[in-house]
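# A closer look at the structure
The lines below spell out each chain.
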Amino acid sequence: MITKSRKLNILVGIIFFIPLIEQIATSYDDRIQFAFLWECALGLVLLLAIFWNDLRDFDQWFLEKATSALTISLTLINIGSQLNWYSVNIGNYIFQLAFIAYTLSLYFTERHFNIKNIILIFLNMNVLANFMTKGGAILILLVSILALVLYFERFLITHTEQFRLLILLTYLITSLVAVVWVSAELPDFHINNINWQIEAIGLVLIIFAAYFLLRNKEKLYLTTHIVFGTIIYLVVGQVVLILAQPSMLNVTFLVLAFLIYLSLLNFLGNIALTQTKRKISVIIPTYNGADTIVETLQSVKIQTYRDWEVIIVDDGSTDDTENVVKHYLAYNDLPVKYIKQDNQDQLNAVKHGLKYVTGDICYILHSDDVLYDSNVFYRAMSALCGERCDGIFIGIQEIDGKDKLGKILRTKSYYNSETTVAKMALAFGRNPYVDFTYWRREVFENQVKQNYLTDNLPAWYDARTNHGLKMANSNFIGLKYRVFEGNYLNSADGSVNVLSGELRTLHHILSRLYIPQFKFQSIFYRAFNKFALSSICPVFFKQGRTSLKNITPTVASRRVSDLSNPYVKAIVDFSQNYDVKKTADIIIPEDLQIFDGADIRLFNRQLSQNKLAPFYFEIMKLIGQGTGTMRVAQKDKEKVARILEFFTIKDYVKIEVKK
């Protein structure tokens, strides 16, 4: 069975080969009739490949991947031309495709500012320079200036983004290069065919076709983003056709334009947040936060975006937190709910607070952190309403206990692909993204509640599908994150808790993907990552399973200095002794407390206090022996699955029901 991602990759491959095939075909036969037949055949193949996929899967990540494939294909043709390997008979067509790829690269550079997209801009400009048509430089200049003006508008006028020097420099450089290319006089057009006019009409028609096709699939919202995006798309498409003046009707160009517009509709037009449903619910878990929680609440109070609520979950504080909050609220009339519970740890506190949420967007704010400035909620809502996604990552700035500013941490560029998941495995299961995210409520209540609040996995990673959620990168700093000396996470107990989540993530991924030469690829990837080059680091993997034997001990020893902790030791020993043929019968006591990934701190507390149920010592012994098959009664099957998930090895153990 061909998976959804494989189908999309096949389509990307077809896009990659189209320019190369056309160049090869015209090299052997440049007759117009022959070329037109090739165009029709390639256009038909591309169209069939489009409808072979679900039209709703053409999103921002697919479009960026397709743009990369098209750019590389055009670059190969360009290199061959410069080396005089052949003469190029489709120069105008290459200009058309390169200009579209260039325009998309400018957009994706802002969404994902990384080395890969900078390289794509450079490659596309190089192709355009070598296949320039009359008036082409003016069009390149106009689009470059448009990108620059829109960026100024976002951080100077609407304040939907913060100023970022590197993005501004990128747009300035591309604009200056285009200025150099522009000649002193206007081009003299000689329109001697009607093919470009037919394609121009076709471009308008495919916009309506794409819209009605997708509207039949699911509801589309005509937001300002999609109206503005459509206008730019239409103008760029029409002008490039006028300048290139194709000598024959190019079917593949129209089909590619159709595919691009489908993708634009998908990630700009299907925004579920209407004007009346944009309330932000902030969950603040706190434990002994009396010294900092007022500053946290004050940072929420000053937000220019006013449609919000706060749910404070006091996780069994022993200090004066409750009185401090009540005193603050007595003088500040704010939509704040205060809930108190016995100490159950932070993730469980957030899960409890979820019951009281009435908003449409969910955000977790720790009681010792503060929002970066007064426009954070406004920027977050603008980003969520700007494109189709499940949530948005934000950047953070560290502060110390005295509010002294530290380093800025921007989230890495996120791509919704198996490659992203494989790279997380090569990073030993460590979450590569800043874990401060604004979520759509329905996603938070379902996937995030299970992934993060229950299983203690990265919130964006869905272990059931071994895939990421649809996340968007934001280009703003949204939080001042307080870092204390002697932070709990840096303690021996805290390190075990962090390791638990990392091993669980790693083992889920390795049970689904075979990553050859894991040690070498891991060193290679982490070296790229250290120099902020992770976006261009190649990763090799396929569907399958990777052995844990040489991986789990390495990961564990890098996180904790002592592997004698019974929980850690059981998992490490399992990786060394695992054998699916080793079988054991498991009987679950009726009153057994079942731990989830979020309960690791509670588990370690009971372990250190000798309060842990005897069953857990028995199961840790069996796990350490590498037991690969466990037989249980039907009524206990789900409990055993939860226990094995807690010990990070569920996907490696076969659970059989006793007859």
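All of the points below concern the structure found in this document. Given the structure is predicted, the values throughout are model-derived calculations rather than measurements.

### What about the environment of Val227?
- Note on placement: Val227 falls in helix 9 (residues 224-244).
- Residue Val227 is classed as partly exposed on the basis of its relative accessible area, which comes to 42%.
- Separated by 42 residues in sequence, Val227 and Gly269 place their C-alpha atoms 8.8 Å apart.

### Section: empty space enclosed by the protein
- Scanning the model with the defined rule gives 2 cavities of 30 Å³ or more in all.
- Lining the largest cavity are Ile15, Leu63, Ala66, Thr67, Leu70, Leu97, Ile100, Leu104, Leu256, Leu259 and Ile260.
- At the level of elements, helix 3 (60-82), helix 4 (91-111) and helix 10 (251-269) are the ones that each hand at least two residues to the lining of the largest cavity.
- No other element matches helix 3, which puts 4 residues into the lining of the largest cavity.

### Concerning a nonpolar patch on the surface
- On the surface, Phe163, Leu165, Leu166, Leu169, Leu172 and Ile173 cluster together into a nonpolar patch covering about 540 Å² of accessible area.
- Residue placement: Leu165 occurs in helix 7 (residues 165-181).

### Digging into the pairing of strand 1 (residues 280-286)
- Here strand 1 lies mainly inside the structure; 7 of its 7 residues are buried.
- Of the two faces of strand 1, both are covered, the one formed by Ile280, Val282, Ile284 and Thr286 as well as the one formed by Ser281, Ile283 and Pro285.
- Sheet analysis places strand 1 next to strand 2 (residues 308-315), joined by 7 bridges and oriented parallel. Across the sheet, Pro285 pairs through a bridge with Val313, a residue of strand 2.
- Viewed along the sheet, the connection from strand 1 through helix 11 (residues 293-301) into strand 2 turns out right-handed.
- In the sheet, strand 1 pairs with strand 4 (residues 361-364) via 4 bridges, with the strands oriented parallel.

### A closer look at the pattern of salt bridges
- Across all of its chains, the model carries 26 salt bridges by this definition.
- One salt bridge connects Arg154 with Glu110, and the closest N-O pair in it is separated by 2.5 Å. Of this pair, Arg154 sits in helix 6 (residues 136-157) while Glu110 sits in helix 4, placing them 44 residues apart in sequence.
- The residue Glu445 makes a salt bridge to Arg441 at a minimum N-O spacing of 2.9 Å. Of the two residues, Glu445 and Arg441 both sit in helix 16 (residues 441-454), 4 residues apart, roughly one turn of that helix.
- Taking the relative accessible area as the measure of exposure, Glu445 reaches 30% and is therefore partly exposed.
- Salt bridges linked by common partners bring Glu110, Arg111, Arg154, Glu161 and Glu387 together as one network.

### Quick word on the packing of helix 1 (residues 4-28) against helix 10
- Relative to each other, helix 1 and helix 10 sit at 155°, their axes nearing to 12 Å. It follows that helix 1 is roughly antiparallel to helix 10 by the angle criterion. Pair helix 1 / helix 10 crosses with left-handed handedness. Listed contacts from helix 10 to Leu11, Ile15, Ile18 and Glu22 of helix 1 are Thr252, Leu256 and Leu259.

Procedures and definitions
Residues numbered from 1 in each chain as written. Predicted model: local features only at pLDDT ≥ 70, side-chain atom pairs only at ≥ 80, totals over all residues. Heavy atoms only, no water. Helix = DSSP H or I, 4+ residues; strand = E, 2+ residues; numbered from the N terminus. Buried < 20%, exposed > 50% of the residue type's maximum accessible area, 1.4 Å probe, protein only. 1 Å grid on protein atoms, 1.4 Å probe; cavity = no way out; pocket = protein on both sides within 12 Å on 5 of 7 lines; lining within 4 Å. Points joined across faces, edges and corners; volume = space filled by probe spheres on them. Patch = residues over 30% accessible without salt bridge, like charges linked within 9 Å, V, L, I, M, F, W, Y side chains within 5 Å. Areas by Shrake-Rupley, 256 points an atom, 1.4 Å probe, with all protein chains shown as cover. Salt bridge = Lys/Arg side-chain N within 4 Å of Asp/Glu carboxyl O. Pairing = 2+ DSSP bridges. Right-handed = clockwise from strand over helix to strand, strands pointing away. Axes fitted to C-alpha atoms, helices over the stretch in contact; angles between N-to-C directions. Parallel < 35°, antiparallel > 145°, perpendicular 65-115°, else oblique. Left-handed = near helix turned anticlockwise from the far one by under 90°. Contact = heavy atoms within 4.5 Å.

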